[in-house]
Amino acid sequence: MQYIYLQSKEALDETGTVLLRGLNLDQLTFEYFTKYFCQDFFRVTSREKFRLESGDGFTTLTPTDNITILGHVEVDYVPGIKTPNIGFFFCETPPEVEGGETFLVEGVAMFNTLSKSLQERFKNEQVTYEFLWEPQRWEAQYGVNTKEELCKRLDRIENVRYELKNDWLHLFYTTSAIINFNDGTTAFSNAILGHLPELDHPSYHDKTVYRKETNRVYWENGEAFSIEVVNELIDAHDQHKQHYRWQKGDLLIFDNYRYLHGKEETIEWTERRLFSRFGYLDIDIE
Ligand SMILES: [Fe+2]
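Rules of the game
- Residues numbered from 1 in each chain as written.
- Predicted model: local features only at pLDDT ≥ 70, side-chain atom pairs only at ≥ 80, totals over all residues.
- Heavy atoms only, no water.
- Pairing = 2+ DSSP bridges.
- Helix = DSSP H or I, 4+ residues; strand = E, 2+ residues; numbered from the N terminus.
- Axes fitted to C-alpha atoms, helices over the stretch in contact; angles between N-to-C directions.
- 1 Å grid on protein atoms, 1.4 Å probe; cavity = no way out; pocket = protein on both sides within 12 Å on 5 of 7 lines; lining within 4 Å.
- Points joined across faces, edges and corners; volume = space filled by probe spheres on them.
- Nonpolar A, V, L, I, M, F, W, Y, C, P; charged D, E, K, R; others polar.
- Buried < 20%, exposed > 50% of the residue type's maximum accessible area, 1.4 Å probe, protein only.
- Contact = heavy atoms within 4.5 Å.
- Polar contact = N/O pair within 3.5 Å; in protein donor to acceptor, adjacent residues only side chain to side chain.
- Donors = N, O, S within 2.8 Å, 3.2 Å for Na, K, Ca; no water.
- Phe/Tyr/Trp six-rings, centres within 6.5 Å; stacked < 30°, edge-to-face > 60°.

As annotated in an unreviewed UniProt entry, the protein chain is TauD/TfdA family dioxygenase from Sulfurovum zhangzhouensis.

K.L.:
Can you walk me through the sheet that holds strand 8 (residues 160–165) in this structure?
P.N.:
Paired through their backbone hydrogen bonds, the strands of a sheet run either parallel or antiparallel. The antiparallel open sheet is built from four strands, whose spatial order is 8-9-7-12. Two strands bound the open sheet, and with one partner strand each, they are strand 8 and strand 12 (216–219). Each strand axis lies, on average, 15° off the axis of its neighbour in the sheet, ignoring direction. Bridge count between strand 7 (residues 127–133) and strand 12: four bridges; the pairing is antiparallel. If you follow Tyr129 over to strand 12, its bridge partner there is Val217.

K.L.:
Just to check I follow, could you spell out the layout of surface pockets for this structure?
P.N.:
One water molecule sets the probe size; rolling that probe over the atoms shows where empty space is left. Each pocket or cavity is described by its volume, and for the second largest pocket that value is around 220 Å³. Lining the second largest pocket we find 15 residues, and of these Pro197, Glu198, Ala224, Phe225 and Val230 sit closest to its centre. For the lining of the second largest pocket, the secondary structure elements donating two or more residues are strand 12 and helix 7 (227–239). A class-by-class count of the residues in the lining of the second largest pocket yields nine nonpolar, three polar and three charged.

K.L.:
Is there a simple way to think about the environment of Tyr77 in this case?
P.N.:
Structurally, Tyr77 is set in the loop between strand 4 (69–72) and strand 5 (86–93). Overall, the relative accessible area of 12% leaves Tyr77 in the buried class. With 97 residues separating them in the primary sequence, Tyr77 and Thr174 have C-alpha atoms 8.6 Å apart. Once you skip the residues sitting within four places of it in the chain, Tyr77 turns out to touch Tyr129, Phe131, Trp133, Arg137, Tyr173, Ala191 and His195. A polar contact is formed between the side chain of Tyr77 and the side chain of Arg137, at a distance of 3.0 Å.

K.L.:
Got a minute to help me understand the coordination of the iron ion in this structure?
P.N.:
Metal coordination angles in their ideal form are 109.5 degrees for the four-donor tetrahedron and 90 or 180 degrees for the six-donor octahedron. The coordination sphere of the iron ion contains the protein donors His72 (NE2), Glu74 (OE) and His261 (NE2), at a distance range of 2.0 to 2.2 Å. Here the donor residues of the iron ion share one chain and are spaced in sequence as H-x1-E-x186-H. Taken together, the positions of His72 in strand 4 and His261 in strand 15 (residues 259–263) put the pair 189 residues apart, joining distant regions of the chain.

K.L.:
In this structure, what is going on with the packing of aromatic side chains? I would like to understand it.
P.N.:
Given two aromatic rings, their pairing is described by the distance between the two centres and the angle made by the two planes. Applying the stated criterion to the full structure yields 20 aromatic pairs. Measuring from centroid to centroid gives 6.0 Å for Phe33 and Tyr36, while their planes differ by 55°, and the two rings are tilted. Among the residues examined, Phe33 registers a relative accessible area of 2% and is labelled buried. What makes Tyr36 partly exposed here is its relative accessible area of 22%. Measuring from ring centre to ring centre gives 5.6 Å for Phe33 and Phe37, while their planes differ by 80°; the resulting arrangement is edge-to-face.

Encoded structure:
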């Protein structure tokens, strides 16, 4: 395992992603392998119902609903939580019908595909995510038990506004949608496409795209993203999708800053069982 780790770490450092094929892992050996990379892991509270009781508590299954999920950086929209810089997906049961691929979108290539005017706008303006969380979600995400503890935690974070209504947290978080790397490149690195209130792109009319009614995202001045901007983002996203058709025993590792990840729906519901973990590399990739 040490040897596989060293080989994959090298590839990961170079390209930001690596696919290992034909591994004979179960949940616990998968967790064991990921610990070569990270000591700290992120608890994916949006998938609390998919969290596995066995193991160390940081592994979840990926959503089993048959939906398309547009590319996003995991939990980039959550304030006060450092965005995990590495993601791991391990395939136990691949989908047996057409579709169901996971895809990655390289954020620098995607950003460079956008028009100069939109690139400039992302360089000069931040975006605001708005969302509504039930008590269980904020308790799990921030590791707090009371509203007072929650407020104390949120009051320390910049660029956050919030309201508590009947214990539900209505949160507004303003942050950059891009990331600048040391080599001078800029990546589209955010969770915008997973937070859109609506979608009207011809390629997705016949698909069921993940949306949550209470999620919103817009420019920091409150201006909505126009349909033209949203569709330009989706065009660039689609142009750079790298699809992974799962086989049993595949392990996909990726830089969660540099790559957006998403999923295609299958032509009909089928079992598709992937273990998922996100963590913090012991030494940053960048
Ligand atoms: Fe995700």
